[in-house]
Amino acid sequence: MGEVIPARHSHPTISLEQVKLMERQTRRENLGRAWYKFSRNSLSLVGAAMVLLVLLLAIFAPLVAPYPEHVKPFTDFANAKLPPSWAHPFGTDEIGRDILSRSIFGFRYALWMGVVVLSLVVPPGVLLGLVAGYFQGTRIDTIIMRITDIFLAVPPLILALAIASILKPNLSNAMMAVSLMWWPWYTRLVYGLASTLRNEYFVVSAEVSGASTAHILFREILPNVISPIFTKISLDMGWVIIIGSTLSFVGLGVQPPEPGLGTMVASGAKYLPDQWWIAVFPALAIVLIVLGFNLLGDGLRDMLGAEEI
Amino acid sequence: MGFVTFIGRRIFQSIFVLLGLSILIFIIARIMPGDPARVAMGARAPDWVVENLREQMHLNDPLPVQYGYWLRDALQGDFGISLFTRRNVADDVREFLPASLELVFTSGIIAGVVGISLGAISARYKDTWIDGVLRMFSYFGVVTPAFVFAILFLLLFGLALQWLPPIGRLSDGIPKPPVITGMITVDALLAGQFATFWDAFKHLLMPALALSMGALAQEARITRSSMADNLSKDYIAAERALGIPERVIMSRFLLKPSLIPTISVFALDFAAGLSNAFLVELIFNWPGLSRYGMNAMLRKDLNAISAVILILGITFTIANIVVDLVVGALDPRIRLSAERSE
């Protein structure tokens, strides 16, 4: 047996192993409770399933897509504009490519867009929000939050379109344009939370006991704002994918012949209404992926109790 | 007086935000690779012509000086010449802005009226199949991009069913009403031309619907959840116990306080409307400021891009302040807390 915690009064002796065991049990109970809250709303489960499905399809695209070669430069004019059938469940496009296969590969671009943009914007956005919130009322707060206000003064899509339009039109520039516009939302969210937390006793007592600013920001305040951040990330995956596909739709994102979902909708729109499937199925694919992340995000919000979002 | 000071301070802050925005726009416009003067004159223009234009556009001065010139002109409503329409950007804006406002306002009205009604119905029939269907509908409304709605509506109502004219603002052969506001439906009504109004309205309806869908769904969701929250409060139970008819409780005592969150997000919806108009106007060939801005972006028309973004920024800022005013008028607590924080 390891060390023994000395007994006080008549309490039975508890070994460290037992404490650890109890901690583990509590953690398991908390997990169970969180899972209960999440799964109480069946739509959250549907959302999680949709996200999982899209993820798996995107990862294993070359294996599951019926015609993976249709993603590369490929033409088959004999089979162009075929309506949905067993051989081509979503039909074929104007140069004979299978739309189902291209949509499956399109998920890759959509997810990639969301992941890259959010991993670029969340760290700086959160950091600025933490700093501004902790130094609330000082000049640092004023400078950071006024700059944030400026970026929030125009709807993000418009500035993202403007920036993407003056750069070379491709996926990485579209990601950069959206990222430049997206960080202020995290700054504002974290600022609101951190500026109330900074007056809580645990922060004040850390200050009094001489903890460094970095310790207070990252070890005291950050853990308390992490669940709203994660909820927002899940919801934002959907919004970033919408903005990304919008940029692709106007020709400022994924470039043909790469199968971006927005790109496919744009080129299919020319064949409406007679060959409706060319535009409609990629559009439904966008709806599926965004709906999945939204349902999942709502479930996370219920689970983590993050009403601020 | 507290609330007036609060709004006064909001307006004061907004001016600084807009100044900051102008700097941001200027920076964006100047990081564009390539020479604006060369772009304006075309590749075959002789160098000395381009050099003259550079001098005229103050492109040889240091950046802060350039910004000074640019801001001075912009404040006087002079955004320079559009490199592609070859007209004053200010004239272009004056011509195209009313069409955009007509579209965004109409879609805002649709979103507000329909969204709040659907939300109220949903809350009234909470946990029944009606609620379920409406909630599913609003989920799809929120997650579907505006350009997808635009294409689907164009396909369904414009091309397949042919209920509504697919593109433009007026049918051929119908004369434009005299320009008063620039919004054709309003001008036609003011001039008493009801046939013109009807034709313009039919053209307006489909793009406005496509534009409103996202906001409509959002309003419905927020109205429902806020009404559902208030429904379980004690004051509603007290009113029921007093025997006040359910209809009166719903319309008079439940709806008004529940609308505050709905109106608070209306500013965000307005923002979404302004930005989605970029896509919707492009698809319906609606000659508004957003289509003009979108085309300017696709052609790297710098002066036009700057003007469009700045004007949309101003519009959005005004909308934000109006929303603050309305919410303050509806909710005495917000007025009070603004006064207390003095």
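Worth saying up front: this structure is predicted, and the values here are computed from it rather than measured. (Residues numbered from 1 in each chain as written. Chains lettered and ligands numbered in written order. Predicted model: local features only at pLDDT ≥ 70, side-chain atom pairs only at ≥ 80, totals over all residues. Heavy atoms only, no water.)

Asker: Please give an account of the packing of helix 5 (residues 89-124) of chain B against helix 13 (residues 289-298) of chain B that cites residues and values.
Answerer: Residue and element names in this part refer to chain B. Put simply, helix 5 and helix 13 touch, their axes get as near as 7 Å, and they point 130° apart. Overall, the two elements helix 5 and helix 13 adopt an arrangement that is oblique. Facing helix 5, whose interface residues are Val 89, Asp 92, Val 93, Phe 96, Leu 97 and Ser 100, helix 13 presents Leu 289, Ser 290 and Tyr 292. (Axes fitted to C-alpha atoms, helices over the stretch in contact; angles between N-to-C directions. Helix = DSSP H or I, 4+ residues; strand = E, 2+ residues; numbered from the N terminus. Parallel < 35°, antiparallel > 145°, perpendicular 65-115°, else oblique. Contact = heavy atoms within 4.5 Å.)

Asker: A description of the layout of surface pockets should follow, citing residues and the corresponding values.
Answerer: Residues and elements named next belong to chain B. In this structure, the second largest pocket encloses a volume near 550 Å³. The wall of the second largest pocket is formed by 23 residues, among which Gln 56, Met 57, Gly 80, Ile 81 and Asn 303 lie closest to the centre. Where the lining of the second largest pocket is concerned, the elements lending two or more residues are helix 1 (2-30), helix 2 (36-41), helix 3 (47-56), helix 4 (63-75) and helix 14 (302-330). When residues of the lining of the second largest pocket are assigned to their parent elements, the largest contribution, four residues, is made by helix 4. Inspection of the lining of the second largest pocket shows a minimum of three residues originating in each of domain 1 (2-75) and domain 2 (89-334). (1 Å grid on protein atoms, 1.4 Å probe; cavity = no way out; pocket = protein on both sides within 12 Å on 5 of 7 lines; lining within 4 Å. Points joined across faces, edges and corners; volume = space filled by probe spheres on them. Domains from an automatic or database assignment.)

Asker: Tell me about the interface of chain A and chain B, and name the residues and values.
Answerer: Contacts between chain A and chain B engage 40 residues on the former and 40 residues on the latter. In this assembly, chain A and chain B are joined by one salt bridge. Note that Arg 221 of chain B is salt-bridged to Asp 298 of chain A, the shortest N-O span being 3.0 Å. Listed by contribution, the elements that provide at least two residues to the side of chain A that touches chain B are helix 5 (139-152), helix 6 (156-166), helix 9 (213-249) and helix 11 (277-304) of chain A. At 10 residues, helix 11 of chain A tops the list of elements feeding residues into the side of chain A that touches chain B. (Salt bridge = Lys/Arg side-chain N within 4 Å of Asp/Glu carboxyl O.)

Asker: Kindly report on the nonpolar core, identifying the contributing residues and their values.
Answerer: Counting 159 residues, the largest nonpolar core has Leu 161, Val 178 and Ile 289 of chain A together with Phe 278 of chain B as the members making the most contacts within it. A domain split of this core shows at least three residues from each of domain 1 (2-75) and domain 2 (89-334) of chain B. When sequence neighbours within four positions are dropped, the list of residues in contact with Phe 278 of chain B reads Ile 158 and Leu 161 of chain A together with Ser 290, Gly 293, Met 294, Met 297, Val 308 and Leu 312 of chain B. Met 227, Leu 231, Ile 249 and Leu 254 of chain B belong to the second largest nonpolar core, which has eight residues in total. (Core = buried A, V, L, I, M, F, W, Y, C linked by side-chain atoms within 4.5 Å. Buried < 20%, exposed > 50% of the residue type's maximum accessible area, 1.4 Å probe, protein only.)

Asker: Before we move on, could you go through the packing of aromatic side chains and cite the residues and values that matter?
Answerer: Using the criterion set out here, one finds 17 aromatic pairs over all chains in the structure. Positioned above the aromatic ring of Tyr 139 of chain B is the side chain of Arg 221 of chain B, whose terminal nitrogen or guanidinium carbon lies 4.6 Å from the ring centre. (Phe/Tyr/Trp six-rings, centres within 6.5 Å; stacked < 30°, edge-to-face > 60°. Lys NZ or Arg CZ within 6 Å of the ring centre and 35° of its normal.)

Asker: Tell me about helix 10 (residues 261-268) of chain A, and please be specific about residues and values.
Answerer: Of all the eight residues making up helix 10 of chain A, six are buried; the element is thus mostly covered by neighbouring parts of the structure. Turning to helix 10 of chain A, its buried residues are Leu 261, Gly 262, Thr 263, Met 264, Val 265 and Gly 268 of chain A. Buried positions along helix 10 of chain A lie against helix 4 (99-134), helix 9 and helix 11 of chain A together with helix 7 (146-160) of chain B.

Asker: Explain the domain arrangement of chain B residue by residue, including any values.
Answerer: Residues and elements named next belong to chain B. Splitting chain B by domain gives domain 1 (2-75) and domain 2 (89-334). The C-alpha-based centres of domain 1 and domain 2 are spaced at 32 Å. Counting across the domain 1 and domain 2 interface gives one salt bridge. Taking the shortest distance from any N to any O, the salt bridge between Asp 324 and Arg 10 comes out at 2.6 Å. Here domain 1 and domain 2 share one residue pair in polar contact (both at pLDDT 80 or more) between them. With 11 residues, helix 1 is the single largest residue contributor to the side of domain 1 that touches domain 2. Of the residues belonging to the side of domain 1 that touches domain 2, the class tally is 10 nonpolar, two polar and two charged. (Polar contact = N/O pair within 3.5 Å; in protein donor to acceptor, adjacent residues only side chain to side chain. Nonpolar A, V, L, I, M, F, W, Y, C, P; charged D, E, K, R; others polar.)

Asker: Residues and numbers for a positive patch on the surface, please.
Answerer: Residues and elements named next belong to chain A. A grouping of Lys 20, Arg 24, Arg 27 and Arg 28 is seen on the molecular surface, where their side chains present a positively charged patch. Looking at the element boundaries, Arg 24 is found in helix 1 (residues 16-40). Judged by its relative accessible area of 46%, Arg 24 is partly exposed. (Patch = residues over 30% accessible without salt bridge, like charges linked within 9 Å, V, L, I, M, F, W, Y side chains within 5 Å. Areas by Shrake-Rupley, 256 points an atom, 1.4 Å probe, with all protein chains shown as cover. Lys, Arg positive; Asp, Glu negative; His and termini not counted. Charge placed at Lys NZ, Arg CZ, Asp CG, Glu CD.)

Asker: Residues and numbers for the pattern of salt bridges, please.
Answerer: According to the stated counting rule, one finds 15 salt bridges over all chains in the structure shown. Here Asp 298 of chain A ties to Arg 301 of chain A by a salt bridge, and the two come within 2.4 Å at their closest N and O atoms. With Asp 298 of chain A and Arg 301 of chain A both in helix 11 and three residues apart, this pair spans about one turn of that helix. For Arg 301 of chain A, a relative accessible area of 21% puts it in the partly exposed group. Across the pair Glu 102 of chain B and Arg 169 of chain B runs a salt bridge whose closest N-O atoms are separated by 2.8 Å. Of this pair, Glu 102 of chain B sits in helix 5 while Arg 169 of chain B sits in the loop between helix 7 and helix 8 (184-190); the two residues are 67 residues apart in sequence, bridging distant segments of the chain. With respect to class, Glu 102 of chain B is no different from Arg 169 of chain B; both count as buried.

Asker: Could you give an account of empty space enclosed by the protein, with specific residues and numbers?
Answerer: Evaluated as defined, the whole model comprises four cavities of 30 Å³ or more. The calculated volume of the largest cavity comes to roughly 110 Å³. Tyr 109, Ala 110, Gly 244, Ser 245 and Ser 248 of chain A are, among the 14 residues lining the largest cavity, the residues nearest its centre. Class assignment of the residues belonging to the lining of the largest cavity gives a composition of eight nonpolar, six polar and no charged. If you trace the second largest cavity, you find it lined by Ala 162 and Ile 166 of chain A together with Ile 25, Ile 28, Ala 29, Leu 302, Ile 305, Ser 306 and Ile 309 of chain B. Elements represented by at least two residues in the lining of the second largest cavity include exactly helix 6 of chain A together with helix 1 and helix 14 of chain B. Ranked by residues supplied to the lining of the second largest cavity, first place goes to helix 14 of chain B with four residues.

Asker: So, the environment of Ala 29 of chain B: which residues are in play, and what are the values?
Answerer: Along the chain, Ala 29 of chain B turns up in helix 1. Ignoring anything within four residues of it in the chain, the contact list for Ala 29 of chain B reads Leu 302 and Ser 306 of chain B.

Asker: Go over a nonpolar patch on the surface, please, and point to the residues and values.
Answerer: All names here are of chain A. Together, Leu 52, Leu 55, Leu 56, Ile 59, Phe 60, Leu 63 and Val 64 make up a nonpolar patch on the protein surface, roughly 670 Å² of accessible area in all. Secondary structure elements with two or more residues in the nonpolar patch: helix 2 (42-59) and helix 3 (61-64). Ranked by residue count, the leading element in the nonpolar patch is helix 2, at four residues. Of note, Leu 52 is situated in helix 2.

Asker: Hey, could you go over unusual backbone geometry for me, with residue numbers and the actual values?
Answerer: With an omega of 5°, the peptide bond between Pro 256 of chain A and Pro 257 of chain A qualifies as cis. Mapped onto the elements of the fold, Pro 257 of chain A is located in the loop between helix 9 and helix 10. One non-glycine residue with positive phi stands out, namely Lys 81 of chain A, at about 55°. Among the secondary structure elements, Lys 81 of chain A is positioned in the loop between helix 3 and helix 4. For Lys 81 of chain A, a relative accessible area of 33% gives the class partly exposed. We note that Asp 127 of chain B has phi near 65°; this positive angle belongs to a residue other than glycine. Checked against the element boundaries, Asp 127 of chain B lands in the loop between helix 5 and helix 6 (129-143).

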